[in-house]
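Chain residues, written in single-letter form:
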Amino acid sequence: MTWWERAYLPEILRGLGITTGIFLRNMAKWVTGRRGAVTTYYPEEKRADFAPRNRGKHILTQRPDGSPQCIACNMCATVCPAKVIEIEAGFDANDPQHPKYPVRFEIDYSRCVFCGLCIEACPEDAIRMEQDVPSLVAGDRWAMWLTMDEMLTWNPKQDVAKPYPPKPARPAPGEGAPGGRGPSTH
Ligand code: SF4
Ligand code: SF4
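Definitions and limits used
Residues numbered from 1 in each chain as written. Chains lettered and ligands numbered in written order. Predicted model: local features only at pLDDT ≥ 70, side-chain atom pairs only at ≥ 80, totals over all residues. Heavy atoms only, no water. Helix = DSSP H or I, 4+ residues; strand = E, 2+ residues; numbered from the N terminus. Polar contact = N/O pair within 3.5 Å; in protein donor to acceptor, adjacent residues only side chain to side chain. Near = heavy atom within 4 Å. Nonpolar A, V, L, I, M, F, W, Y, C, P; charged D, E, K, R; others polar. Phe/Tyr/Trp six-rings, centres within 6.5 Å; stacked < 30°, edge-to-face > 60°. Buried < 20%, exposed > 50% of the residue type's maximum accessible area, 1.4 Å probe, protein only. Pairing = 2+ DSSP bridges. Core = buried A, V, L, I, M, F, W, Y, C linked by side-chain atoms within 4.5 Å. Contact = heavy atoms within 4.5 Å. pLDDT = per-residue confidence, 0-100.

1. Considerations on the side chain of Q69
Next up, step 1: The residue Q69 is located in the loop between β1 (58-60) and α3 (75-79) in this model.
Next up, step 2: A distance of 3.3 Å separates a polar side-chain atom of Q69 from the backbone oxygen of E124.

See below:
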């Protein structure tokens, strides 16, 4: 090291000069309405250039009648590494095809890490993530909970509604599946 390098002070002053110059240049652009280093004024502005497969806001898919496709199995909440999904299940004995349904489905966005594991775990394609990102700005962390109502505003519903397979007919006594095994004797 030369004595000049060992002095440090000149280099510190040179660095401060560069930083100040860039700051003033960007500030001048900002006050005159041009773009400087700050390209997106979040949260007033939102980016629109997300990658096509970006995983942002969660949505719940729906059946054609508008009811959530979710069967409240809790798989997504179980796999969630941040433990931010809360589901309360209801039971409708009058609906034999899907008696279990979510009464409450909420995600705490203040702790969600947007990993997408909940989407992977869902056996019903009932939860997805949109390309767009949610508005995460809030003065109160309790305002950052995404509710089921918000997740059900996604359309079109018919695009994702997975038709339930018809109930398999109960085989007649003594009748096994053709070519398959007969009823178990265990
Ligand atoms: S994206 Fe990840 S962290 Fe967020 S709710 Fe889903 S599993 Fe949990
Ligand atoms: S969203 Fe999917 S994984 Fe989560 S409770 Fe509903 S059906 Fe189960």
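2. A word on the site of ligand 1
Next up, step 1: Taken together, the residues surrounding ligand 1 are H58, C80, P81, V84, I85, C112, V113, F114, C115, G116, L117 and C118.
Next up, step 2: Residues belonging to the shell around ligand 1 are distributed by class as follows: 10 nonpolar, two polar and no charged.

3. Some thoughts on the packing of aromatic side chains
Next up, step 1: For the structure shown, the criterion picks out two aromatic pairs.
Next up, step 2: For the ring pair Y109 and F114, a centre distance of 5.2 Å and an interplane angle of 35° mean the geometry is tilted.
Next up, step 3: By relative accessible area, which is 5% here, Y109 ends up buried.

4. A short note on the sheet that holds strand β5 (residues 145-146)
Next up, step 1: Read across the sheet, three strands follow the order β2-β3-β5 without closing on themselves; strand pairing throughout is antiparallel. Two strands close off the open sheet at either side, each with one partner strand: β2 (85-91) and β5.
Next up, step 2: Here strand β3 (residues 100-108) pairs with β5 via two bridges, running antiparallel. Each bridged residue has a counterpart across the sheet, and for D108 the counterpart in β5 is W145.

5. Section: unusual backbone geometry
Next up, step 1: At A72, a position not held by glycine, the phi torsion is positive, near 50°.
Next up, step 2: By secondary structure assignment, the location of A72 is in the loop between β1 and α3.
Next up, step 3: Positive phi values are uncommon outside glycine, yet F114 reaches one of about 55°.
Next up, step 4: Relative to the helices and strands, F114 resides in the loop between β3 and α4 (117-121).

6. Comments concerning the nonpolar core
Next up, step 1: Ranked by size, the top nonpolar core spans 23 residues in total, and within it L60, I85, I87, F105, I107 and I127 carry the most contacts.
Next up, step 2: Where this core is concerned, the elements lending two or more residues are α3, β2, β3, α4, β4 (127-129) and α5 (148-151).
Next up, step 3: Ignoring sequence-local partners within four residues, the contact set of I107 consists of H58, V84, I85, C112, I127, M144, W145, L146 and M151.

7. Let's talk about the environment of N26
Next up, step 1: With respect to the helices and strands, N26 occurs in helix α2 (residues 9-31).
Next up, step 2: Through-space distance from the C-alpha of N26 to that of G36 is 4.6 Å; in sequence the pair is 10 residues apart.
Next up, step 3: Excluding its chain neighbours within four sequence positions, the residues that come into contact with N26 are G36 and A37.

8. Details of the confidence of the model for the chain
Next up, step 1: Averaged over every residue, the pLDDT of the chain is 83; residues scoring 70 or more account for 82%.
Next up, step 2: By mean pLDDT, the top-scoring element of the chain is α3 (98), and the lowest-scoring one is helix α1 (residues 3-7) (80).
Next up, step 3: For the stretch residues 177-186, pLDDT sits under 50, and the model shows zero contacts to residues farther than four places along the chain or on other chains.

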